[in-house]
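Listed below, chain by chain, are the residues.
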Amino acid sequence: MKELLHDEYSLIIHGPPGVGKREFCIDLAGYQLGKKSTVLYVTTERAPNSIKEVARNIGAVFVGERLFFVDYASWSTSKKTGWLDDRMKIICLQNPSSLRDISMAVKTISQTSTGRLNVFFDSLSPLFLYNNDEKVVQFIQTLIAQLRSEGGSIAVTLQEGVHPPSTFNSLMYMVDGYIQLRFLDDGGAIKRQLRVHHLHGKRVQPEWRGLEITEKGLEVL
Amino acid sequence: MVVDDEPGIRFILRKMLEGAGYKVLESESGEECLEILDKEKVNLVLMDVMMPGMNGWETTKRIRENEALKITKVIMLTVRADEEDMEKSFQYAGSNGHINKPIVMEQLLATVKWVLDNVRVEG
């Protein structure tokens, strides 16, 4: 499952809030860090420290010289912009409606880092609250094309139930792979499930499988 | 506020939300929902779509058109909505979220929290 994201690949991880998209995304990112790849984690709902805490909770190795953050979550509380913390390699953005700032941050990190860049966008959904849908879709399309041309990859999490189907379909159309997560009420016990809806260029069985998130990591049953 | 013409559904949703620490109002129709919103400050409405009288889409559209209610977010509750229904919830009515019935408590609470935390209203 961790091999889902490879060079020049784009992936959407879709499901309701709380189902485990962030953990799934961090797990994939941690795997890339373990392979000595460069990871840029764009966080829009939680501050970078909170992301690191989630990583610790699932046993993911989420440190290193090759890990960068774009913090799009702290704009309402932070007064600083730009390189907030050199040691932790965080670029903090202040304007939630400026998609250009995110593009610039990605470009900056792409130029300053060595090797191919793997971007993890967790999550894309808040961007739609401050920009019209068409603008965000175009932004992601451009970002995917840019990363692909440089041999990089991108994984994007998307909240279920907060976007019109037309917007979701536009995003689906432009990515290589689509992973779906859901809650299942199994006779009173709430379980998580995952299915690989499609992966361009790969044969997949789109059946629902159990997903367990523990302190040792994620397990697909 | 929970808006649904079925008292049983209102009861279950109220219990779920109160269990998570929310203060919950109830309304049995779109018309009554608008009357309550005139008097009470409500952060979030869970709105059933299919109701006698004014349906959930029309009620949500009225909420969105009322400048005084711009802080009020709306999540639509539907039974197996197709894409056309969901599109209508977001684009025509202007809802902030959508949940399909039957409702899974974890999903409901997480979606409510996400909308309350993330959908910020300027001004």
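Structure: see above.
Remember, predicted model here, so these are calculated numbers, not experimental data.

Chemist: Help me understand the overall build of chain A in this model?
Modeler: From N to C terminus, chain A includes six helices and 11 strands. Relative to its length of 221 residues, chain A is compact, with a C-alpha radius of gyration of 16 Å against a globular reference of 17 Å. Referenced to the eigenvectors of the C-alpha coordinate spread, the extents of chain A come out at roughly 50 × 35 × 35 Å. Residues classed as buried in chain A amount to 56% of the 221 residues present. Contacts in chain A between residues far apart in sequence, at least 24 positions, make up 65% of those at least 6 positions apart. Accessible surface, chain A: about 10,000 Å² in total, of which carbon and sulfur atoms supply 46%.

Chemist: How should the overall build of chain B be read in this particular structure?
Modeler: Within chain B, the secondary structure is distributed over five helices and five strands. Traced from its N-terminal end to its C-terminal end, chain B shows the element sequence β-α-β-α-β-α-β-α-β-α. Taken over the C-alpha atoms alone, chain B extends approximately 30 × 30 × 25 Å along its principal axes. Within chain B, the fraction of its 123 residues that count as buried is 50%. Contacts in chain B between residues at least 24 apart in sequence constitute 58% of all its contacts with a sequence separation of at least 6. Accessible area of chain B: about 6,200 Å², with a carbon and sulfur share of 50%. Put simply, chain B has 16 plus and 23 minus side-chain charges, and the middle of one group is 6 Å from the middle of the other.

Chemist: Teacher, can you tell me more about the environment of Phe69(A) here?
Modeler: Relative to the elements of secondary structure, Phe69(A) occurs in strand β3 (residues 67-71). Residues Phe69(A) and Cys92(A), spaced 23 residues apart in sequence, show a C-alpha to C-alpha distance of 8.3 Å.

Chemist: Looking at this structure, I do not really get the state of the cysteines. What am I missing?
Modeler: Working definition: the covalent bond between the sulfur atoms of two cysteines is a disulfide. All names here are of chain A. Per the counting criterion, the structure on display carries zero disulfides over all chains. Between Cys 92, a free cysteine, and Cys 25, which holds the nearest cysteine sulfur, the sulfur-to-sulfur gap is 19 Å. For Cys 92, a relative accessible area of 0% corresponds to the buried category.

Chemist: What's the story with helix α5 (residues 133-149) of chain A in this structure? I'm lost.
Modeler: For an α-helix, 3.6 residues make a turn, and residues three or four places apart therefore share a direction. The terminal C-alpha atoms of α5(A), which comprises 17 residues, lie 24 Å apart, in line with the 24 Å expected from a rise of 1.5 Å per residue. Positive backbone phi, approximately 80 degrees, marks Gly151(A), located one or two places after α5(A).

Chemist: Explanation requested: the pairing of strand β6 (residues 117-122) of chain A in the structure shown.
Modeler: On any regular strand, side chains alternate: one points to one face of the sheet, the next to the other face. All names here are of chain A. Burial within β6 is extensive, with six of its six residues counted as buried. Residues Leu 117, Val 119 and Phe 121 of β6 are buried on one face, and the alternating residues Asn 118, Phe 120 and Asp 122, pointing to the opposite face, are buried as well. Looking at chain direction, β6 and strand β7 (residues 153-159) are connected through four bridges and run parallel. By the bridge assignment, Phe 121 is partnered in β7 with Val 156.

Chemist: Would you explain helix α4 (residues 83-93) of chain B in this entry?
Modeler: Of the residues making up α4(B), those classed as buried are Met86(B), Ser89(B), Phe90(B) and Ala93(B). On an axial view of α4(B), the arc spanned by its buried residues comes to 125 degrees, and they lie on one face. Where α4(B) is buried, its residues touch α6 (165-174) of chain A together with α3 (56-65), β4 (73-79) and β5 (97-101) of chain B. Once α4(B) ends, the next one or two residues include Gly94(B), with phi positive near 85 degrees.

Chemist: Please explain the nonpolar core as it appears in this structure.
Modeler: Nonpolar side chains in soluble globular proteins tend to be buried together. Residues and elements named next belong to chain A. Ranked by size, the top nonpolar core spans 35 residues in total, and within it Leu 40, Ile 102, Phe 121, Leu 124, Leu 127, Ile 140 and Leu 171 carry the most contacts. Top element by residues in this core is α5. It accounts for seven residues. In this view, Leu 171 contacts Ile 12, Leu 124, Phe 128, Val 137, Ile 140 and Leu 158; residues no more than four positions away in its chain are not counted. Core analysis: the second largest hydrophobic core is formed by 32 residues, Tyr 9, Ala 29, Val 39 and Ala 55 among them.

Thresholds, definitions, all that
- Residues numbered from 1 in each chain as written.
- Chains lettered and ligands numbered in written order.
- Predicted model: local features only at pLDDT ≥ 70, side-chain atom pairs only at ≥ 80, totals over all residues.
- Heavy atoms only, no water.
- Helix = DSSP H or I, 4+ residues; strand = E, 2+ residues; numbered from the N terminus.
- Rg over C-alpha atoms; globule rule 2.2 N^0.38 Å.
- Buried < 20%, exposed > 50% of the residue type's maximum accessible area, 1.4 Å probe, protein only.
- Contact = heavy atoms within 4.5 Å.
- Areas by Shrake-Rupley, 256 points an atom, 1.4 Å probe, with all protein chains shown as cover.
- Lys, Arg positive; Asp, Glu negative; His and termini not counted.
- Charge placed at Lys NZ, Arg CZ, Asp CG, Glu CD.
- Disulfide = S-S within 2.5 Å.
- Expected span 1.5 Å × (residues − 1).
- Pairing = 2+ DSSP bridges.
- Arc of directions from axis to C-beta.
- Core = buried A, V, L, I, M, F, W, Y, C linked by side-chain atoms within 4.5 Å.

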